[in-house]
Amino acid sequence: MRLVTAGGPTEAGVIEGALEIALEPGWKTYWRDPGDAGVPPSIDVSRSRNVAAATLSFPAPERFDDGVAAWAGYEGPVAFPVAFRLADPAAPTTIAADVFLGVCKAICIPLQARLTVDPAAGSNEAIDAELVAAASAALPGSERPDFSARIVSLDDKTLTVAASVPAGTASAELFVAGADGFMFGTPERLEGDGGVGFSLPVLAQPDTPAGGSALPYTLVTAQGAVSGMLALPETSERTP
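Residues numbered from 1 in each chain as written. Predicted model: local features only at pLDDT ≥ 70, side-chain atom pairs only at ≥ 80, totals over all residues. Heavy atoms only, no water.

Q: Just checking my understanding: could you explain the overall build of the protein chain for this structure?
A: Helix and strand counts for the protein chain come out as 1 helix and 19 strands. In terms of overall dimensions, the protein chain is globule-like: its C-alpha atoms have a radius of gyration of 19 Å, near the 18 Å expected for 240 residues. Principal axes of the C-alpha set define a box for the protein chain whose edges measure 55 × 40 × 35 Å. Charged side chains in the protein chain number 14 positive and 29 negative. The centres of these two groups are separated by 3 Å. (Helix = DSSP H or I, 4+ residues; strand = E, 2+ residues; numbered from the N terminus. Rg over C-alpha atoms; globule rule 2.2 N^0.38 Å. Lys, Arg positive; Asp, Glu negative; His and termini not counted. Charge placed at Lys NZ, Arg CZ, Asp CG, Glu CD.)

If you want it as structure tokens, here you go:
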């Protein structure tokens with residue numbers, strides 16, 4: 001596991017980086033929502049100098065079923081883009097990142113690492129910039145009218161989602177990340193003449209959801225993948 005950056009900050013005061021996980025054959029790691037038993041990747045930069053925040057982005061995952069549970073993740077080497085937002089773009093910066101994630105084969109093993117990067121060092125700048133660019137290029141695209149998902153209904157037991165996919169798409173898979181107290185089971189595809197739909201069991205939800213709540217999702221097809229946010233209906237608009 002290593003952390004690299006692509007050089008100096010952008011005009012927006014962000015240093016682009018990538019967290020690379022070199023998994024050996026047969027090993028897997030988790031997506032942003034690993035189910036009820038996995039460990040999602042996380043990064044803490046509070047020990048850093050001049051770094052206000054770090055945001056991980058996630059490539060499109062795969063679905064795995066180990067016979068006990070179904071979960072979303074990655075098999076083989078994977079790189080997560082990381083955006084480091086600086087407190088002062090003109091000030092010296094040292095990234096000190098505490099990384100926590102889980103890897104699994106027969107069992108899940110939580111891993112912790114402390115990784116330090118000086119973005120100004122630049123000893124392998126060209127190689128590191130290539131890795132960061134490749135990690136960003138592997139991300140799902142942004143949702144668009146002909147390739148996106150939206151919530152149809154939500155009640156105490158089921159979340160129903162409708163998806164728009166490119167013409168000629170033979171299969172599609174939906175990944176929804178729980179947020180703000182929500183947790184969902186594995187989506188089941190709904191067949192019908194009205195397009196592509198998915199039904200997700202509601203495993204947990206808050207008594208009083210935060211206003212404007214939304215759920216991160218990734219929609220994957222053979223033609224590619226997109227990510228976006230599923231806006232939750234207000235409580236008064238939900239299916240009884």
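Continuing now.
Q: Explain the sheet that holds strand β8 (residues 78-86) to me, please; I cannot follow it from the model alone.
A: Strand pairing in a sheet relies on backbone hydrogen bonds. The paired strands run either parallel or antiparallel. Spatially, 4 strands are ordered β1-β2-β8-β5 in an open sheet, and the strand pairing comes out antiparallel. Edge strands, defined here as strands with exactly one partner in the open sheet, are β1 (2-5) and β5 (51-56). Neighbour-to-neighbour, the strand axes of this sheet turn through a mean angle of 25 degrees, independent of strand direction. Pairing of β5 with β8 involves 5 bridges; the strand directions are antiparallel. Note that in β8 the partner of T55 across the bridge is A83. (Pairing = 2+ DSSP bridges. Axes fitted to C-alpha atoms, helices over the stretch in contact; angles between N-to-C directions.)

Q: Any chance you could explain the side chain of S48 here in plain terms?
A: Here S48 shows up in the loop between β4 (42-44) and β5. Among the residues examined, S48 registers a relative accessible area of 14% and is labelled buried. Only 2.8 Å separates the side chain of S48 from the backbone nitrogen of A96, close enough to count as a polar contact. When sequence neighbours within four positions are dropped, the list of residues in contact with S48 reads T94, I95 and A96. (Buried < 20%, exposed > 50% of the residue type's maximum accessible area, 1.4 Å probe, protein only. Polar contact = N/O pair within 3.5 Å; in protein donor to acceptor, adjacent residues only side chain to side chain. Contact = heavy atoms within 4.5 Å.)

Q: Would you explain the pattern of salt bridges in this entry?
A: Working definition: two side chains of opposite charge can pair if their charged atoms are close together. By the definition in use, this model includes 5 salt bridges. In this structure, R2 engages E20 in a salt bridge whose closest nitrogen and oxygen atoms are separated by 2.5 Å. On the criterion of sequence distance, the pair formed by R2 in strand β1 and E20 in strand β2 (residues 14-21) is long-range, its members being 18 residues apart. R114 is the partner of D98 in a salt bridge, and the nearest nitrogen-oxygen pair spans 2.8 Å. Linking D98 in strand β9 (residues 95-104) with R114 in strand β10 (residues 108-117), this pair joins segments that are 16 residues apart in sequence. Counted as one network, the salt bridges with shared partners bring together R47, D98 and R114. (Salt bridge = Lys/Arg side-chain N within 4 Å of Asp/Glu carboxyl O.)

Q: Explain helix α1 (residues 125-137) to me, please; I cannot follow it from the model alone.
A: Note: α-helices contain 3.6 residues per turn, so residues at a spacing of three or four share the same orientation. The terminal C-alpha atoms of α1, which comprises 13 residues, lie 18 Å apart, in line with the 18 Å expected from a rise of 1.5 Å per residue. For α1, every residue scored as buried is listed here: D128, L131, V132 and A135. In a view along the axis of α1, the buried residues occupy a sector of 95 degrees, so they form one face of it. Across α1 from its buried face, at more than 90 degrees, point the exposed residues A126, E130 and A137. Close packing links the buried residues of α1 with β1, β2 and β8. (Expected span 1.5 Å × (residues − 1). Arc of directions from axis to C-beta.)

Q: What's the story with the layout of surface pockets in this structure? I'm lost.
A: It is the rolling of a water-molecule-sized probe over the atoms that shows where space remains empty. Looking at the largest pocket, its volume works out to about 550 Å³. What lines the largest pocket is a set of 33 residues, and nearest its centre among them are P34, G35, A69, A70 and W71. Contributions of two or more residues to the lining of the largest pocket are made by β3 (28-30), β6 (62-65), β7 (70-75), β14 (172-176), β15 (183-184) and β17 (196-204). Split by residue class, the lining of the largest pocket holds 22 nonpolar, 4 polar and 7 charged. (1 Å grid on protein atoms, 1.4 Å probe; cavity = no way out; pocket = protein on both sides within 12 Å on 5 of 7 lines; lining within 4 Å. Points joined across faces, edges and corners; volume = space filled by probe spheres on them. Nonpolar A, V, L, I, M, F, W, Y, C, P; charged D, E, K, R; others polar.)

Q: Where do I start with the sheet that holds β14 in this structure?
A: Read across the sheet, 4 strands follow the order β11-β19-β18-β14 without closing on themselves; strand pairing throughout is mixed. This sheet does not close on itself; its edge strands, each paired only once, are β11 (141-142) and β14. Note: β14 against strand β18 (residues 214-221), 5 bridges, orientation antiparallel. Each bridged residue has a counterpart across the sheet, and for A172 the counterpart in β18 is T221.

Q: How should I be thinking about unusual backbone geometry in this particular structure?
A: The phi torsion of most residues other than glycine is negative, and most of the peptide bonds are trans. In the Ramachandran plot, N50 falls in the positive-phi region, its phi being about 70 degrees despite a non-glycine side chain. Residue placement: N50 occurs in the loop between β4 and β5.

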